[in-house]
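One letter stands for each residue in the lines below.
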Amino acid sequence: MKIKKSLFVYLLLFVSCLGKNDKEQESSNYVLDQLSDKCFELDENTVQITPYMQYIAEQNLFCFTNEYDNSITINDFTTGKLKKKICFDKEGSNGVGSISSFYIQDSLIYLHHHWNNKVYITDTNGILIKSIPLLLQEQATAKGIYAPAILPHTYSPIIIVDNKLQ
């Protein structure tokens, strides 16, 4: 019986390897163009390195976090001019902690705070509207498993799909 099962498994592996490799037949042509540097205005409190950025195509805006003063800087992408800087309180009734990632949509800003597992919703003046706890770890622990950490980055940003924050 073991021999029949082993033979069956080997036969499946052999048949699965007979298929054509489509990747060998694909080809793509890319042309790279060298463009001029893109510069953005920074004020005296903004550092030149940022852990999180967002481009808002509808308004042609380039936004990024500034850890030094816990703010989001918004620049016009075409001109590089500073349009607005939104500072956030770290503590108190309007506190959102340290900013690590965000998503700007219309007149709302969604801030994710990794360490306290919350999403904060603010207006474009940095005024806290709502605080939403993320109960992923508590729900997973109750089921005996560990939930993955939510840690958005520029390359894996916070987005809204079908009116749901993802």
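Heads up: the structure comes first, above all this text.
The model shown is predicted, which means the values in this text are computed figures rather than measured ones. (Residues numbered from 1 in each chain as written. Predicted model: local features only at pLDDT ≥ 70, side-chain atom pairs only at ≥ 80, totals over all residues. Heavy atoms only, no water.)

A look at the sheet that holds strand β5 (residues 101-105)
So, step 1. With antiparallel pairing, the four strands of this open sheet are ordered in space as β5-β6-β7-β8. Only two strands of the sheet have a single partner each, and these edge strands are β5 and β8 (128-133). With direction set aside, neighbouring strand axes in the sheet form an average angle of 20°.
So, step 2. In this sheet, strand β6 (residues 108-113) lies alongside β5 in antiparallel orientation, the contact comprising five bridges. Considered in β6, the bridge of Ile104 is made with Ile109. (Pairing = 2+ DSSP bridges. Helix = DSSP H or I, 4+ residues; strand = E, 2+ residues; numbered from the N terminus. Axes fitted to C-alpha atoms, helices over the stretch in contact; angles between N-to-C directions.)

A short note on the environment of Thr124
So, step 1. With respect to the helices, strands and loops of the structure, Thr124 is situated in the loop between β7 (118-123) and β8.
So, step 2. Each C-alpha atom, one on Thr124 and one on Ile104, is 8.5 Å from the other, the two residues being 20 residues apart in sequence.
So, step 3. Filtering out sequence-adjacent residues up to four positions away, Thr124 remains in contact with Lys84, Ile86, Asp106, Ser107 and Ile109. (Contact = heavy atoms within 4.5 Å.)

Here we look at the pattern of salt bridges
So, step 1. Scanning all chains against the criterion turns up three salt bridges.
So, step 2. Across the pair Glu41 and Lys81 runs a salt bridge, and its minimum N-O distance is 3.3 Å. Residue Glu41 is found in the loop between α2 (22-25) and β1 (53-56), and its partner Lys81 is found in the loop between β3 (71-76) and β4 (82-87); the two are separated by 40 residues along the sequence.
So, step 3. One salt bridge in this structure joins Asp43 and Lys85, with 3.0 Å as the shortest N-O distance. Of this pair, Asp43 sits in the loop between α2 and β1 while Lys85 sits in strand β4; the two residues are 42 residues apart in sequence, bridging distant segments of the chain. (Salt bridge = Lys/Arg side-chain N within 4 Å of Asp/Glu carboxyl O.)

Keep in mind these numbers describe shape, not what the thing actually does.
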